[in-house]
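# Remarks on the overall topology
Here is what each chain is made of, one letter per residue.
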Amino acid sequence: MAREATIERNTKETQIRLRLALDGTGQSDISTGVGFFDHMLDGFSRHGLFDLSVKVRGDLEVDDHHTIEDTGIVLGTAIGKAVGDKRGIRRYGSCILPMDETLVLCAVDLSGRPYLGWDVEFPTQKVGAMSTEMVREFFYAVSYSAAMNLHVKILTPGNSHHMAEAIFKAFAKALDAAVACDPRITEVLSTKGSL
């Protein structure tokens, strides 16, 4: 059965259509109106081997907040829907990812309980047209909409572009590991019997 989801979300602030396939090849088609954010989502798709299509029309005349946060809500919702009842998946994933001078740790638990642990301080307020404070807002929205534990920690800081890109790629690798099916797991990986 295909592990994929298509989600549409329309508000007065944003109109979003997103399609996610967990068992993809890293193909992406992304247009959010925020160039650096498009670059980050493309990296997420490519390095997680997820097929991702994202089309966003947001109120960028205000700022980038609604566009990025609402995309996080929709992506998190799609992850939750695509992973289904979580039978047979590994549940946990983690990655320590280097990008030049920067080193990032990301850990995921598809527990059904939302939580974001965030230990990141960017040295600049923007990368391109994207506010660096929106990186946290995006991942907060993803973690709560997908009902996952997500921890992100910068082990070695550096250039803001490298830090953000390493975070998105590390999340992709950690999520790919967490959603991976393991033939030894026949039910849900929990002593409770459900996630």
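Residues numbered from 1 in each chain as written. Predicted model: local features only at pLDDT ≥ 70, side-chain atom pairs only at ≥ 80, totals over all residues. Heavy atoms only, no water.

## Concerning the overall build of the chain
For clarity, the threshold we go by: The numbering of helices and of strands both runs from the N terminus, where a helix is a DSSP run of H or I of at least 4 residues and a strand a run of E of at least 2. Only C-alpha atoms enter the radius of gyration; for comparison, a globular chain is expected to reach 2.2 Å times N to the power 0.38, where N is the number of residues. Partly exposed residues are those whose accessible area sits between 20% and 50% of the maximum for their type, while under 20% is buried and over 50% is exposed, using a 1.4 Å probe and protein chains only. We call two residues contacting when some pair of their heavy atoms lies within 4.5 Å. Using a 1.4 Å probe, the Shrake-Rupley method yields the accessible areas, and only the shown protein chains count as cover for residues. His residues and chain termini do not enter the charge count, which takes Lys and Arg as positive and Asp and Glu as negative. The atoms used to mark charge sites are NZ of Lys, CZ of Arg, CG of Asp and CD of Glu.
Of regular secondary structure, the chain possesses four helices and 10 strands. Against the globule reference of 16 Å for 195 residues, the chain gives a C-alpha radius of gyration of 16 Å, in line with a compact fold. Put simply, the chain has 195 residues, and 51% of those count as buried. Considering only intrachain contacts with a sequence separation of at least 6, the fraction spanning at least 24 residues in the chain is 76%. Per element, the accessible surface of the chain, about 9,100 Å² overall, is 50% carbon and sulfur. Side-chain charges of the chain comprise 21 positive and 26 negative groups, with the mean position of each set lying 7 Å from the other.

## Considering the nonpolar core
Soluble globular proteins: nonpolar side chains tend toward being buried together. Our working rule: Only buried residues count toward a nonpolar core, which is a set of Ala, Val, Leu, Ile, Met, Phe, Trp, Tyr and Cys residues joined through side-chain atoms within 4.5 Å.
Ranked by internal contacts, the top residues of the largest apolar core, which has 59 residues, are Val 108, Met 148, Phe 171 and Leu 175. A total of 12 residues in this core trace back to one element, the largest contributor, which is helix α4 (residues 160-179).

## Here we look at unusual backbone geometry
Note on backbone geometry: most residues besides glycine have negative phi, and most peptide bonds are trans. Phi is positive for Lys 86, close to 70°, though the residue is something other than glycine. Assignment of secondary structure puts Lys 86 in the loop between α2 (65-83) and β5 (92-99). Residue classification places Lys 86 among the buried residues on the basis of a relative accessible area of 9%. The backbone of Asp 100 shows a phi angle near 55°, a positive value even though the residue is not glycine.

## Comments concerning the packing of helix α3 (residues 133-146) against α4
We count it as follows: Axes, fitted as lines to C-alpha atoms, cover a helix only where it is in contact. Angles between the N-to-C directions of the axes lie from 0 to 180 degrees. Should an angle lie under 35 degrees it is considered roughly parallel, over 145 roughly antiparallel, and from 65 to 115 roughly perpendicular; all remaining angles are considered oblique. Handedness of a helix crossing follows the sense of rotation of the near helix relative to the far helix, less than a right angle counterclockwise being left-handed and clockwise being right-handed. Residues were grouped as follows: Ala, Val, Leu, Ile, Met, Phe, Trp, Tyr, Cys and Pro as nonpolar; Asp, Glu, Lys and Arg as charged; and all remaining residues, including Gly, as polar.
For the pair α3 and α4, interaxial distance at closest approach is 11 Å and the crossing angle is 15°. Here α3 is positioned roughly parallel relative to α4, judged by the angle of their axes. Taken as a pair, α3 and α4 cross one another with a handedness that is left-handed. Contacts from Val 135, Phe 138, Phe 139 and Val 142 in α3 reach Ala 164, Ile 167, Phe 168 and Phe 171 in α4. Here the residues of the contact of α3 with α4 are counted per class, giving eight nonpolar, no polar and no charged.

These results come straight from atomic positions and should not be treated as a statement about function.
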